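Topology and contacts: notes
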Amino acid sequence: MERLEVLKTYKIYIGGQFPRTESGRYYKAKNAKGELLANMCLSSRKDFRDAVVAARGAFGGWSGRAAFNRSQILYRIAEMLEGRRAQFADELIKQGSSSADAEKEINLSIDRLIYYAGWCDKFQQVFSAVNPVASSHFNFSVPEPTGVVAIIAPQDSSLIGLVSVIAPVIAGGNTCVVLASEEKPLCSVTFAEVINSSDVPGGVVNILTGKPSELVKYFADHMDVNAVVYCEKNDTDKKLIQEKASLNVKRVLLYDKVNWLNENESQSPYFIMDTQEIKTTWHPIENVAGGKAGY
Amino acid sequence: MAKAAKNNTSKLKFDTINYAPAPESKSSAKIEAQYDLFINGKFEKPSSKKYFDTINPATEEKLSSVADANAADVDKAVKAARTAYDKVWSKMPAKERAKYIYRIARMIQERAREFAVIETLDGGKPIRESRDIDVPLVANHFFYYAGWADKLEYAFPNRSPKSLGVAGQIIPWNFPLLMAAWKIAPALATGNTVVLKPAETTPLTALKLAEIIQESDLPPGVVNIITGAGATGAAIVNHPDINKIAFTGSTEVGKLIQRAVAGTDKKVTLELGGKAANIIFEDAPIDQAVEGIINGIYFNQGHVCCAGSRLFVQESVYKEVMRKLKDRIATLIVGDPMDKNTDVGAINSKQQLETIHKYINIGKKEGLEIFESSCALPKKGFFCRPTLFTNVAQSSRIAQEEIFGPVLAIQTFRTDDEVIEKANNTPFGLSAGVWTDKGSKIFNLTTKLRAGVIWANTYNKFDPTSPFGGYKESGFGREGGLHGLGAYLNV
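What comes next concerns the included structure. (Residues numbered from 1 in each chain as written. Chains lettered and ligands numbered in written order. Predicted model: local features only at pLDDT ≥ 70, side-chain atom pairs only at ≥ 80, totals over all residues. Heavy atoms only, no water.)

A closer look at the sheet that holds strand E1 (residues 34-35) of chain B
Residue and element names in this part refer to chain B. Using the following cut-off: The pairing criterion is simple: DSSP has to find at least two bridges between the two strands. By the criteria applied, helices consist of DSSP H or I runs no shorter than four residues and strands consist of E runs no shorter than two, each listed in order from the N terminus. Throughout, a contact is declared for two residues whenever any of their heavy atoms are within 4.5 Å. Where helices are involved, their axes are fitted lines through C-alpha atoms of the stretch in contact, as for all axes, and angles between N-to-C directions lie from 0 to 180°.
Taking strand neighbours across the sheet as the criterion, the three strands line up as E1-E5-E4 in an open arrangement whose pairing is mixed. Each of the sheet's edge strands pairs with one partner strand only, and the pair in question is E1 and strand E4 (51-56). Sheet strands touched by helix H4 (residues 112-123): E4 and strand E5 (61-67). Its angle to E4, the strand with the most contacts, is close to 100 degrees.

Considering the pairing of strand E15 (residues 387-390) of chain B
All names here are of chain B. Operational definition: Relative accessible area decides the class of each residue, using a 1.4 Å probe on protein chains only: under 20% of the type maximum gives buried, over 50% gives exposed, and in between gives partly exposed.
Burial along E15 is two-sided: Thr387 and Phe389 and Leu388 and Thr390, pointing in opposite directions, are all buried. Alignment of strand E14 (residues 369-372) against E15, held across four bridges, turns out to be antiparallel. Opposite phenylalanine 371, over in E15, you have leucine 388 as the bridge partner. Taken together, the three bridges between E15 and strand E16 (residues 407-413) define a ladder with parallel strand orientation. Across the sheet, the residue bridging to phenylalanine 389 is alanine 409, located in E16.

Quick look at the interface of chain B and chain A
Reports often express the size of an interface as the amount of accessible area lost when the parts come together. What counts is decided by this rule: The term buried area denotes the loss of accessible surface (1.4 Å probe radius) that occurs when two parts are joined, taken as the sum for both partners. Note on definitions: salt bridges are taken to be side-chain nitrogens of Lys or Arg within 4 Å of carboxyl oxygens of Asp or Glu.
On the side of chain A, 40 residues touch chain B, which itself brings 41 residues to the contact. Both sides of the chain B and chain A interface together cover about 3100 Å² of buried area, and 53% of this is carbon and sulfur. By the criterion of area lost to chain A, the three top residues of chain B are Gln258, Arg450 and His483 of chain B, representing 17% of everything that side buries. Of the charged contacts, one joins arginine 478 of chain B and glutamate 277 of chain A as a salt bridge, the two residues approaching to 3.6 Å between their closest N and O atoms. Sorting the residues of the side of chain B that touches chain A by element identifies helix H9 (251-260), helix H15 (439-448), strand E18 (453-456) and strand E19 (475-476) of chain B as the ones contributing at least two each. Direction of pairing for strand E10 (residues 276-284) of chain A relative to E18 of chain B: parallel, over a ladder of three bridges. Within E18 of chain B, the residue paired with tryptophan 282 of chain A across the bridge is tryptophan 455 of chain B.

A few points about the sheet that holds strand E5 (residues 148-152) of chain A
All names here are of chain A. In spatial order, the strands read E7-E6-E5-E8-E9; together these five strands make up an open sheet with parallel pairing. Of all strands in the sheet, those bounded by a partner on one side alone are strand E7 (205-208) and strand E9 (251-254). Strand-to-strand twist in this sheet, taken as the mean axis angle between neighbours without regard to direction, amounts to 15 degrees. With four bridges joining them, strand E6 (residues 175-179) and E7 adopt parallel strand pairing. In the strand pairing of E7, valine 177 is matched with asparagine 206. Against the sheet, helix H6 (residues 160-171) makes contact with E5, E6, E7 and strand E8 (227-230), and its axis sits at roughly 165 degrees relative to E6, the strand it touches most.

Set out below in structure tokens:
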């Protein structure tokens, strides 16, 4: 008898664990022919709230790490992704990609992680300033992560969109909760496994599968979320997100015009800066005697 | 001997010392009986045909009446700004744009005394503050941003930033002219045109600025200044041909604005409320820290979004700090803002005085201990004694909500981690203060406090080169410095 294949159970990723949705609900991920690919978790509002708690809990540790350490961890994610290319290719092809497109998407995703790994300990230098104030003070401004970022990942791709929106957010020291592509969800769960084996602390990246039409409003109105990222062209959703965001003055980032396959427009340190705050610090300079810097 | 050295400051007997009045002359302030709207380079009558009074909050006397712009007036101003943007300002070489802004800066310096006097008459802040802080910062802000106009590509690596178009700007009453400068200067330097609305209780210095703008020969329509209350502001926010909204004011109104622009392409920056922690460690230079506490909460009558309104004192020095703080409060001169001796001037409006009294009553009802200066208050005008509350809990409303007045909420702490936790436990995140002589402790605090501006061993310092703005519900976007440019550009 031929060996029976062991199928993978696709679960969600919260706080470094792989639970099923607390709701017990599921939806069917299908290919273009309508064949079943997997039963996906249909995540609930409660799953999202649990994920925000995990992300908030992880924020202090992740943002407090050395930028160099974050850089190494992002590089590690790329390494792990490289090692599991076959699995991603398989999933991409199942979800409708040609093998050439799948290859291209995986390469681009790995390279994008390497790109942002490199920025982790550099963007601060590019975007900081020592400000020449007119009084006797030392004054400087540095970027700091904004906090917990809720991301509705690009819906038209399974992997590259997901990677492109997660990488700049965590490179800058934020933690995030991400809703994967509803139609092409397979890679998101496998990418969660990659993250889980890359020394990314639990809670830094949380990945849910489910329906944006159900969850977008909760992503936008949660009072312990600092920023929302949205990548679709749906005007109703955009307006809804911006309205709900005002409840606690969330930062709203709309990436609806970005082609994630085009390197020139889909990666830059400005994506990192979108979820950064600028902190300015003042301290007096003692100037009691008449000493001058000479020579 | 040792004891004497420890208590080397003795309480000044202020009840026996009287300062002779030192009033600033009002003669330099030329205030017209009535002001129209500054649209397209000219002062025009409002189509609403309505005017409202602006009064001196220190005397309750009417200073002038100003036009109440309605939606049609706003539309006229936006059209003027759009035409100026399309036809003149966006096409002008950047270095010429710079020279106009430099010229405005110089003309403000030339008329600095006049601006300071009118600012104090219209808003109630002490003349010493208008003269030495507000107006110099205003001129410097224009001068600083003027120089950026032809250097923008250096501020954004690998990008060619583009102006946005017409900026609608709504500013508050606590620093009327300074907020106008913070809004107008970067908007012009980055190549945008402006429709600005000052607050209804403090419109005069913005209208005087309109005179300067007229005299500077800035092309008509590049800056339009229109007066009115909330409805005028709403008409600006909702106008379909505005590309950018910049707002400074309360978190409550900021949220309404963020909601109102949802679904549009308007770029928004919000500089909103605060409830800043001012943290005194046992190793701080206590006398300087006490000055920092006073400056933090009683500067500008506490009408400061970044005011150090929550004081955290390490337990071991609590008694000493409280003794010195109360002694210092007793020396504050509260009264006529036009007197050069005055430390604390008039509350900006009757309405704001009522808000402050409401919170003082809430504090009393919550069972907190109140201490206030025993100074006499003028019979007319809106005044409030410098006040503090002790025995305050984290949950007290006066420790949670922005009061925007001279009311300080005091708590104690034991450890660094405890005070970081308490300081960050607020929806706001505009500013914070830290007082300690230990450098490594300063940086532990300044990196962990979630706020946009941190003053270490100082407080309430401002400079055109220094970015200002909040985390969390204190808003987003920065004003000042290189980082203030991004608010007015597509990068």
